[in-house]
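Per-entry structural report
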Amino acid sequence: MFGGATKSGKPINSNTALTLSAFYNGVNILCNDYAKLPKSIYRKTDGSRKKIDNHSLSYLVSKKPNSYMTAYTFDKVMLLSVILKGNAYAIKVKDETTQRTTSIEFIDQQKKTVQVLDRGKGLVYKIDGKLYDSDDIIHVLGFTTNGIVGIGVVTKAAMSLGVNLNAQEYASEYYESKGEGIGVVTTAKPMDGDAKTRYANGLSTRLSSKDKFKVAVFDEMGSFQHIKLTPQESQLAVHLIHENHLFTIGSLF
């Protein structure tokens, strides 16, 4: 949904963003705290409001909006959708006879396509090809530039997320390869370009294998010098990556 990809080709979207521990924890804390808040039905009169416990919607709002969600789960997933996608949608399912709302069904935008259409006199929602009047839809907007549809906050942070996803991939590769390694071969005997390429490719292939023990033997090759970060330098590099990762993602919240 954000566009772009990491260096390894992994797409930058809501799913990959949640693999970043700082981003996941930040979103999770926000959604959990919001979902814990009590929700009730109130009637406003003369500048004051009165809680109505016996209203037909009280149970849906405060306890169980539908057959498969508690109010806590529903509120959490709605806010999560607002943060990640900029919009959260739910359908008010009504009794055909009484027209009272019997359940509130969350719309999973990863499974269903939602279009918001401005018909001049009001908004119409097209969900998987079916039209709904705005009175039948609960629509929560995030950051918006037109007042009709929202933009996910993290959409604007796609570049920062991409940098941190790259940092995470780099750290994983770093630990796997036990650090950055550069080899320099020197020889007193002149070598043509093809020979240099063959030696370089052969040595690189052998030493970059995942075998526990690596031994490379070549004819008439000169001395080999391994340039590598020390354990102290490696630890500092990964620490700086981690700190930058937390700072950049933490600034979103």
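Residues numbered from 1 in each chain as written. Predicted model: local features only at pLDDT ≥ 70, side-chain atom pairs only at ≥ 80, totals over all residues. Heavy atoms only, no water.

Some points on the packing of aromatic side chains
- Tallied over the full model, the rule gives one aromatic pair.
- With a centroid separation of 6.0 Å and 70 degrees between ring planes, the pair formed by Tyr 89 and Tyr 125 is classed as edge-to-face. Linking Tyr 89 in strand E3 (residues 87-94) with Tyr 125 in strand E6 (residues 123-127), this pair joins segments that are 36 residues apart in sequence. A single burial state applies to Tyr 89 and to Tyr 125, both of which are buried.
- Sitting above the plane of the Tyr 42 ring, Arg 49 keeps its charged end 4.3 Å from the centroid. (Phe/Tyr/Trp six-rings, centres within 6.5 Å; stacked < 30°, edge-to-face > 60°. Helix = DSSP H or I, 4+ residues; strand = E, 2+ residues; numbered from the N terminus. Buried < 20%, exposed > 50% of the residue type's maximum accessible area, 1.4 Å probe, protein only. Lys NZ or Arg CZ within 6 Å of the ring centre and 35° of its normal.)

Structural notes on helix H2 (residues 21-36)
- With 16 residues, H2 extends 22 Å between its outermost C-alpha atoms, agreeing within 8% with the 22 Å of an ideal straight helix rising 1.5 Å per residue.
- When we look at burial in H2, the residues that qualify are Ala 22, Phe 23, Gly 26, Val 27, Cys 31, Asn 32 and Ala 35. (Expected span 1.5 Å × (residues − 1).)

Details of the sheet that holds strand E5 (residues 114-118)
- Here we have three strands laid out as an open sheet, ordered E5-E6-E7, and antiparallel in their pairing. The two strands at the open ends of the sheet, each matched to only one other strand, are E5 and strand E7 (130-133). The average undirected angle you get between the axes of adjacent strands in this sheet is 30 degrees.
- For E5 and E6, the ladder comprises five bridges, and the chain directions are antiparallel. Residue pairing across strands places Leu 117 opposite Val 124, the latter belonging to E6. (Pairing = 2+ DSSP bridges. Axes fitted to C-alpha atoms, helices over the stretch in contact; angles between N-to-C directions.)

Quick word on the pattern of salt bridges
- Summed over the entire model, instances satisfying the criterion amount to four salt bridges.
- Between Asp 33 and Lys 36 there is a salt bridge whose closest N-O contact spans 3.9 Å. Note that Asp 33 and Lys 36 are positioned in helix H2 at a spacing of three residues, about one turn of the helix.
- Among the residues examined, Asp 33 registers a relative accessible area of 43% and is labelled partly exposed.
- For Lys 36, a relative accessible area of 58% puts it in the exposed group.
- Measuring nitrogen to oxygen at the nearest pair gives 3.9 Å for the salt bridge that ties Asp 53 to Lys 51. (Salt bridge = Lys/Arg side-chain N within 4 Å of Asp/Glu carboxyl O.)

A word on unusual backbone geometry
- The phi dihedral of Asp 46 is positive, around 50 degrees, even though this residue is not glycine.
- Looking at the element boundaries, Asp 46 is found in the loop between strand E1 (42-45) and strand E2 (48-51).
- Residue Asp 46 is classed as exposed on the basis of its relative accessible area, which comes to 86%.
- The backbone of Asp 128 shows a phi angle near 50 degrees, a positive value even though the residue is not glycine.
- Tracing the chain through its elements places Asp 128 in the loop between E6 and E7.
- For Asp 128, a relative accessible area of 49% translates into the label partly exposed.

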